[in-house]
Amino acid sequence: MDHFLYRDGALFAEDVAISEIAATVGTPFYVYSTATLLRHFRAFDEALAGMDHLICYAMKANSNQAVLRTLAQAGAGMDVVSQGEYLRARAAGVPGDKIVFSGVGKTEEEIRVALSGGIRQFNVESEPEMEVLNAVALELGLVAPITVRINPDVDAKTHAKIATGKSENKFGIPIARAREVYAMAAAMPGLEVIGIDVHIGSQLVDLAPFEQAYQKLAELTETLRADGHKITRLDLGGGLGIPYETGNQAPPLPADYGAMVERTLGHLGCEIEIEPGRLIAGNAGLMVSKVIYVKSGEGRDFLILDGAMNDLVRPAMYDAHHDIVAVNEPEPGVEKHLYDIVGPVCESGDTFAKQRAMPPLVAGDLVAFRSAGAYGAVMASEYNSRPLIPEVLVHGDQFAVIRARPTFDEMINRDTIPEWL
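A brief look at the structure comes next. Here the structure is a predicted model, which is why all the values come from computation and not from measurement. (Residues numbered from 1 in each chain as written. Predicted model: local features only at pLDDT ≥ 70, side-chain atom pairs only at ≥ 80, totals over all residues. Heavy atoms only, no water.)

1. Remarks on the packing of aromatic side chains
As a reminder of what qualifies: Stacked, edge-to-face and tilted are the three classes for Phe, Tyr and Trp ring pairs, Trp counted by its six-membered ring, which pair at centre distances within 6.5 Å; planes under 30 degrees apart are stacked, over 60 edge-to-face, the rest tilted. Working definition: helices are DSSP H or I runs of at least four residues, strands are E runs of at least two. Numbering for both runs from the N terminus. For each residue, the accessible area found with a 1.4 Å probe, counting protein chains only, is set against the maximum for its type, and the residue is called buried under 20%, exposed over 50%, and partly exposed in between. Any Lys NZ or Arg CZ that is within 6 Å of a ring centre and within 35 degrees of that ring's normal is treated as a charge sitting over the ring.
Counting across every chain of the model gives seven aromatic pairs. With a centroid separation of 6.0 Å and an interplanar angle of 90°, the aromatic rings of F44 and Y257 are classed as edge-to-face. Of this pair, F44 sits in helix 2 (residues 34-47) while Y257 sits in helix 9 (residues 254-265); the two residues are 213 residues apart in sequence, bridging distant segments of the chain. Judged on exposure class, the residue F44 and its partner Y257 are both buried. Taking the centre distance of 6.3 Å and the plane angle of 75° together, the rings of Y214 and Y257 count as edge-to-face. With a gap of 43 residues between them, Y214 in helix 8 (residues 208-226) and Y257 in helix 9 connect regions that are remote in the sequence. Side by side, Y214 and Y257 carry an identical accessibility label, which is buried. An aromatic cluster of three or more residues is present, and its members are F44, F210, Y214 and Y257. Against the face of F12 rests R7, its NZ or CZ located 4.9 Å from the ring centre.

Here it is as structure tokens:
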């Protein structure tokens, strides 16, 4: 459920009309619903209520500080994958002991910043990383709490570009080598082994791959404990999918996921961490765009929007589907028309949908891309020298611009022309 609904023929974000925001900030823009963000966070929090747990929002999905602070004030920790994300989380008021640092390529500088500033744990991905982490911790006179990310060789049955738990993926250490790697970690004085980490992929719509991975994790926990390791925390990653397309089978509910976690891992007495990103932010956001032209082509018509692939790259990158709706609600029974929905960027890949059934639209009409709160603004670029689009946060009947659109002068003046020119 989200809080983007029609009222008297107009699309609203909570108690604010989308058309009012468009008139204030211009199009295209992103808009997020506070009520939806909090509802989704609480659904996960309640799903694990029977276990000691922390929900660490995977901020790569949407890292605007207003979004982070909204979730942090509700009790969320953060999962970060870079120094920039770590510093964003701290700037948003998240304490270091609620930040988990993931990612395959942590640099010495990133490790040093996080260790010095405070960190809940590092999810270690390789032996070389472990050695660097140990060296930096000793240099600083600190001990780094770690889990080791284990690759369980489980097929998540998701898009190849967002699968992370198979043996050919770059993430984690093969589960067959776990005992050897944990023995190495235990021998390093700058490290404190506290648990195990696993994350098998994103946009999963079936609990079976999770359950398969968690059963392997439970067995490994018992084995490592028998080897003398203190395993008190299990980081289960994220990955539970969201319904991008109306009418498709809905992914499992957080409550069903929580019951499965308790069934497979509850007997171990470990603290559970999960790192949802998409499920919290995805359906909490829209991208709103305006029709520039309706163009008749050979055997098809095009809706040319002012939003483009640089603003929302998921369709071009992943062939991802987003439901696209008219901001003015169509009359009941209106005959729909098939359009290719495209942006103005000079790439054939700047196509959001082909032969999508929409109510008849004309230049100036507004459309909203649903499920755009995750991996939208964070993946945007200034390709074709198009400014990054604003982000807006709604709270009841209030809204605020939480990232402004830069001016063309601001964009251009970032460049420096050398003296010889």
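2. What to know about the pattern of salt bridges
How we decide: The salt bridge definition used is simple: a Lys or Arg side-chain nitrogen within 4 Å of an Asp or Glu carboxyl oxygen.
For the structure on display, the rule yields 19 salt bridges. With its nearest N and O atoms 2.7 Å apart, the salt bridge here joins K106 to E129. Taken as a pair, K106 in the loop between strand 7 (99-101) and helix 5 (108-117) and E129 in helix 6 (residues 127-140) lie far apart in primary sequence, 23 residues in all. With respect to class, K106 is no different from E129; both count as buried. Here the salt bridges share partners, and the residues they tie into one network are E108, E109, R112 and E139.

3. Quick word on helix 9
Heads up, the condition is: Multiplying 1.5 Å by the helix residue count minus one yields the expected span of that helix. The directions considered for the arc are those from the helix axis to the C-beta atoms. In this description, contact between two residues means that some pair of their heavy atoms is separated by no more than 4.5 Å.
Under the 1.5 Å per step criterion, the end-to-end length of helix 9 is 16 Å for twelve residues, consistent within 8% with the ideal 16 Å. Buried residues of helix 9: P254, Y257, G258, M260, V261, T264 and L265, and no others. Projection of helix 9 onto a plane perpendicular to its axis shows the buried side chains occupying an angular sector of 160°, all on one side. On the buried face of helix 9, the contacting elements are helix 2, helix 8, strand 12 (233-235), strand 13 (271-274) and helix 10 (278-281).

4. Observations concerning the sheet that holds strand 3 (residues 16-17)
Stated formally: Paired strands, in this sense, are two strands between which DSSP finds at least two bridges.
Ordered by their spatial adjacency, three strands build an open sheet running 1-2-3, and the pairing between neighbours is antiparallel. Each edge of the sheet is formed by a strand with only one pairing partner; in this case those strands are strand 1 (4-7) and strand 3. Bridge analysis of strand 2 (residues 10-13) against strand 3 gives two bridges, and the strand direction is antiparallel. Counterpart to A13 in the pairing with strand 3 is V16.

5. Overview of the pairing of strand 19 (residues 366-369)
Here strand 19 shows no split at all, with L366 and A368 on one side and V367 and F369 on the other all buried. Alignment of strand 14 (residues 285-296) against strand 19, held across four bridges, turns out to be antiparallel. Bridge pairing in strand 19 links S289 to V367. Pairing of strand 16 (residues 324-326) with strand 19 involves three bridges; the strand directions are antiparallel. In the strand pairing of strand 19, A326 is matched with V367.

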